[in-house]
Amino acid sequence: MDQLPLPLEGITVVTVEQAVAAPFATRQLADLGARVIKVERVDGGDFARGYDTAARGLASHFVWCNRGKESVALDLKDPRGLDVVRRLVADADVFVQNLAQGAAARLGLDAATLCAAHPRLVAVDISGYGAGGPYAEKRAYDMLVQCEAGLVSVTGTPEQPVKAGIPAADIAAGMYAFSGVLAALVRRGATGRGGPVEVSMLEALAEWMGHPLHHALHGGTAPERTGLAHAVIAPYDAYPTADGGRVLLSVQNDREWRRLAEQVLGRPELGEDPAFATNAARVAHRARTDALVGQALGGLDADEAVRRLEAAGIACARLRDVHELAGHPQLAARERWREVGSPVGPLRALLPPVTLPGGEEPRMGDVPALGEHTGAVLRAVGMTDDEIAALRRDGVAA
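Read on for a plain summary of the structure. Along every chain, residues carry numbers that run from 1 in the direction the sequence is written. Under the rules for a predicted model, residues below a pLDDT of 70 receive no local features and side-chain atom pairs below 80 are neither given nor counted, while totals for whole chains, interfaces and linings still include all residues. Side-chain measures were taken over the full set of non-hydrogen atoms in the model, leaving aside hydrogen atoms and water.

## Examining unusual backbone geometry
Then step 1. That bond from A234 to P235 is cis: its omega, -5°, falls within 30 degrees of zero.
Then step 2. Counting from the N terminus, the helices are the DSSP runs of H or I reaching at least four residues and the strands are the DSSP runs of E reaching at least two. Tracing the backbone shows P235 in the loop between α9 (210-219) and β7 (236-240).
Then step 3. The phi dihedral of A19 is positive, around 65°, even though this residue is not glycine.
Then step 4. Within the secondary structure, A19 is located in the loop between β1 (12-16) and α1 (21-31).
Then step 5. Residue classification places A19 among the buried positions, given a relative accessible area of 16%.
Then step 6. Backbone geometry at R56 places phi at a positive 55°, although glycine is not the residue there. Exposure is judged per residue with a 1.4 Å probe applied to protein chains only, and the accessible area is read against the type maximum: over 50% gives exposed, under 20% gives buried, and values in between give partly exposed.

Pasting the structure below:
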């Protein structure tokens with residue numbers, strides 16, 4: 001049977017984007033077959049290009065979020081540069097922007113304006129806090145939104161709140177923008193009309209805060225910060241092993257506790273001891289519970305600890321660092337790694353997590369250099385070589 005095409009084959013996306021939220025959303029679209037034209041500033045491009053040089057001289061954020069796109073460098077403050085974007089949008093299916101609040105509207109590139117002019121267009125506005133309300137004009141960097149959304153308040157140890165180690169607010173907004181585009185395209189298939197899509201980082205991350213939020217709303221108190229431990233389950237934590245590793249285990253019910261006590265702790269009597277026999281008792285005596293587990297696992301290396309826990313039917317995991325993730329045996333066994341091209345040569349990258357069996361593999365295109373596709377895209381919208389040369393000479397294109 002012939003392979004199915006990528007689901008977004010034939011869809012054209014134009015995006016005026018920066019940092020993470022919008023680029024992460026549009027990269028998902030590119031992976032699924034869409035043509036994504038990324039409009040960047042002429043003076044350095046997407047500022048995420050300058051975040052670091054960790055990816056063999058390229059910025060790790062940019063490499064992660066921008067493969068498979070065509071880079072066009074334009075000065076949108078010049079009417080000629082803005083006219084190019086309008087020409088591109090006229091033939092596009094999707095437009096995405098995450099400029100500073102109000103900037104897209106001043107350029108006439110906000111979703112409402114574009115959709116009024118192009119009824120079939122799906123146009124996405126990504127913002128920090130939304131278009132209205134007292135926070136609409138506030139700067140909205142990921143860490144700031146993590147704080148405003150309460151994520152930092154529930155992350156960390158009892159003594160110290162901490163931000164997530166990944167840009168959680170950006171990723172949340174990017175994923176809702178991605179799913180919003182897909183939903184709007186499905187609706188367009190039924191009605192013939194696209195329409196605006198609005199996503200804010202605060203509202204996206206507030207949705208992800210559903211468990212602690214509902215716990216506080218309906219239970220009266222927010223879950224406590226417990227580090228790697230679980231607020232209401234014990235034992236559920238990471239425990240040091242003899243070789244310097246750490247193994248996390250989770251006992252979900254009292255039957256599992258009895259198996260752990262007998263087969264791993266070597267203390268079967270703990271399964272019926274009133275101080276430990278129920279989860280409520282173990283939580284009440286958390287320090288003693290953790291000490292018993294820690295003593296048992298502390299005498300084993302990590303591999304042996306995992307082997308014994310798995311033999312006893314106890315959920316467990318290695319506490320891996322990022323280098324260990326890159327060498328994870330499950331990712332290797334499932335052949336999840338590929339190479340993508342870039343201005344500095346091939347770079348390793350993970351396949352997208354959505355797998356579509358029976359279809360073409362996701363299109364993991366090259367990471368573009370700034371303005372790499374400017375000439376080709378400008379010619380495609382009808383500009384002559386002389387006109388393009390004039391734009392370059394005047395600093396309107398690069």
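That covers the picture; the talk isn't over yet.
## Some remarks on helix α12 (residues 286-297)
Then step 1. Spanning 12 residues, α12 covers 16 Å between terminal C-alpha atoms, matching the ideal 16 Å at 1.5 Å per step.
Then step 2. Among all positions of α12, only R286, T289, D290, L292, V293, A296 and L297 are buried. Down the axis of α12, the buried side of the element spans an arc of 155°, and every buried residue falls inside it. Facing away from the buried surface of α12 by more than 90 degrees, the exposed residues are A287 and Q295.
Then step 3. Note on definitions: a residue-residue contact is assigned when non-hydrogen atoms from the two residues lie within 4.5 Å. Structurally, α12 contributes buried residues whose contacts are with β7, β8 (246-250), α10 (254-263), α11 (279-284) and α13 (302-311). Multiplying 1.5 Å by the residue count of a helix minus one yields the expected span of that helix. When we speak of the arc, we mean the arc of directions from the helix axis to the C-beta atoms.

## Some details on the sheet that holds β8
Then step 1. Strand order in the open sheet made by the three strands is β7-β8-β9, with antiparallel pairing throughout. The open sheet is flanked by β7 and β9 (315-318), the only strands paired with a single partner. The average undirected angle you get between the axes of adjacent strands in this sheet is 25°.
Then step 2. One bridge is not enough; two strands pair if DSSP finds at least two bridges between them. Two elements, β8 and β9, share four bridges in a ladder whose sense is antiparallel. Each residue of the ladder has a partner; that of V247, found in β9, is R318. Angles here are taken between N-to-C directions and fall from 0 to 180 degrees, while the axes themselves are lines fitted to C-alpha atoms, restricted in helices to the stretch in contact.

## A look at the nonpolar core
Generally speaking, a soluble globular protein has its nonpolar side chains buried in company with each other.
Then step 1. Think of a nonpolar core as a cluster: buried Ala, Val, Leu, Ile, Met, Phe, Trp, Tyr and Cys residues, connected wherever their side-chain atoms sit within 4.5 Å. Counting residues in hydrophobic clusters, the biggest one holds 36 residues, and the most contacted among them are V13, V94 and I126.
Then step 2. Those elements giving two or more residues to this core turn out to be α1, β4 (94-97), β5 (122-127), α7 (168-191), β6 (195-200) and α8 (201-208).
Then step 3. Here this core takes nine residues from α7, the largest share from any one element.
Then step 4. Contacts of I126, omitting those with residues within four sequence positions, involve A21, A22, V96, Q97, N98, A173, A177 and V199.
Then step 5. Listed in part, the 32 residues of the second largest apolar core include V85, A92, A123 and V377.

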